[in-house]
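Residues per chain are reported as follows:
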Amino acid sequence: MTSDFHATLHALRVWATPLPEFDAEAAPAEPPTLFREWFVQAARAGQVEPHTMALATVDAEGRPDVRILMLHDVDDRGWHFASHATSAKGRQLAGRPEAALCFYWPAVGRQVRIRGRVGACGPEESRADLAVRSRGALAAALTGRQSEVLGSAEELALASAAAWERAAAEPDAAAPTWTRYVLDAAEVEFFQGDAARRHTRLRYRRAADGSWSRQLLWP
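Here the structure is a predicted model, which is why all the values come from computation and not from measurement. (Residues numbered from 1 in each chain as written. Predicted model: local features only at pLDDT ≥ 70, side-chain atom pairs only at ≥ 80, totals over all residues. Heavy atoms only, no water.)

**Q** Sorry, what's going on with the pattern of salt bridges here?
**A** When their charged atoms lie close together, side chains carrying opposite charge are able to pair. All told, the structure shown has 17 salt bridges when counted by the stated rule. A salt bridge links Arg 77 to Glu 125, with the shortest nitrogen-to-oxygen separation between them at 2.6 Å. Here Glu 125 lies in helix α4 (residues 123–131) and Arg 77 lies in the loop between β3 (73–75) and β4 (78–84), a separation of 48 residues in the sequence. Residue Arg 77 is classed as partly exposed on the basis of its relative accessible area of 36%. By relative accessible area, Glu 125 is classed as partly exposed at 26%. A salt bridge links Arg 145 to Glu 148; the shortest N-O distance between them is 3.0 Å. In the salt-bridge network here, residues are joined through shared partners; they are Asp 73, Asp 75, Arg 77, Glu 125, Asp 129 and Arg 180. (Salt bridge = Lys/Arg side-chain N within 4 Å of Asp/Glu carboxyl O. Helix = DSSP H or I, 4+ residues; strand = E, 2+ residues; numbered from the N terminus. Buried < 20%, exposed > 50% of the residue type's maximum accessible area, 1.4 Å probe, protein only.)

**Q** I would appreciate a short explanation of the packing of aromatic side chains in the present structure.
**A** Where two aromatic rings form a pair, the distance of their centres and the angle of their planes describe that pair. The final tally for this structure, using the stated rule, is twelve aromatic pairs. Note on Phe 22 and Trp 38: the rings are 5.0 Å apart at their centroids and 80 degrees apart in plane angle, and the pair reads as edge-to-face. One end of the pair, Phe 22, is in the loop between α1 (2–11) and α2 (31–44); the other, Trp 38, is in helix α2, with 16 residues separating them in the sequence. Comparing Phe 22 with Trp 38 shows no difference in burial state: the two are buried. Look at Phe 81 and Tyr 181: their rings are 5.5 Å apart centre to centre, the planes differ by 20 degrees, and that puts the pair in the stacked class. Here the residue Phe 81 occupies a position in strand β4, and Tyr 181 occupies one in strand β7 (residues 178–192), the gap between them amounting to 100 residues. No difference in accessibility class separates Phe 81 from Tyr 181, as the two residues are buried. Through a chain of ring-to-ring contacts, three or more aromatic side chains come together here, namely Phe 22, Trp 38, Phe 190, Tyr 204 and Trp 212. The cationic tip of Arg 110 hangs over the ring face of Trp 38; the distance from NZ or CZ to the ring centre is 4.1 Å. (Phe/Tyr/Trp six-rings, centres within 6.5 Å; stacked < 30°, edge-to-face > 60°. Lys NZ or Arg CZ within 6 Å of the ring centre and 35° of its normal.)

What follows is the structure, given as structure tokens:
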């Protein structure tokens, strides 16, 4: 099996299709604008689930942690996502409210890396966040106990069935620990891959007055 793994790994190639060009000199002054443009382009290019992203946090012992979750919005406050405040990520953000995000869109050979401070939105906005999602999302939120030790698959099945039933009967049911978060970016990097490995990397950094500076980075 190890030989199959190595043979498969070393046979893989990236960016089999032509990649878009990126003129960094013509990039907008603020990164959210460019992010939204790239997001739409990735979706139109056929990128599967372009709204999924990696969220990296740090626990109380300083150990990094990372997982995949969904983007909920990008506005003048930053990049939005949601989870239970009692989950591992929720506890880590409460103890150390700094995080990093990474989007990877291989259909266009692009990735976006974001770092900044994370704040929790209020109860009203968190409830509204859950209200506009699917019944399945509500059922999952109502199931709760995210990141806790699970005794058995049967235990999950029973709790999930009860949550689905409640979500159907109460589509506006509240999940008290469900929290919307927003990452207020201090640094955003846009990476455009190039088949000749002359990748373009444009980094935005925000100054104390809120303005953004831009720098090209060596690939």
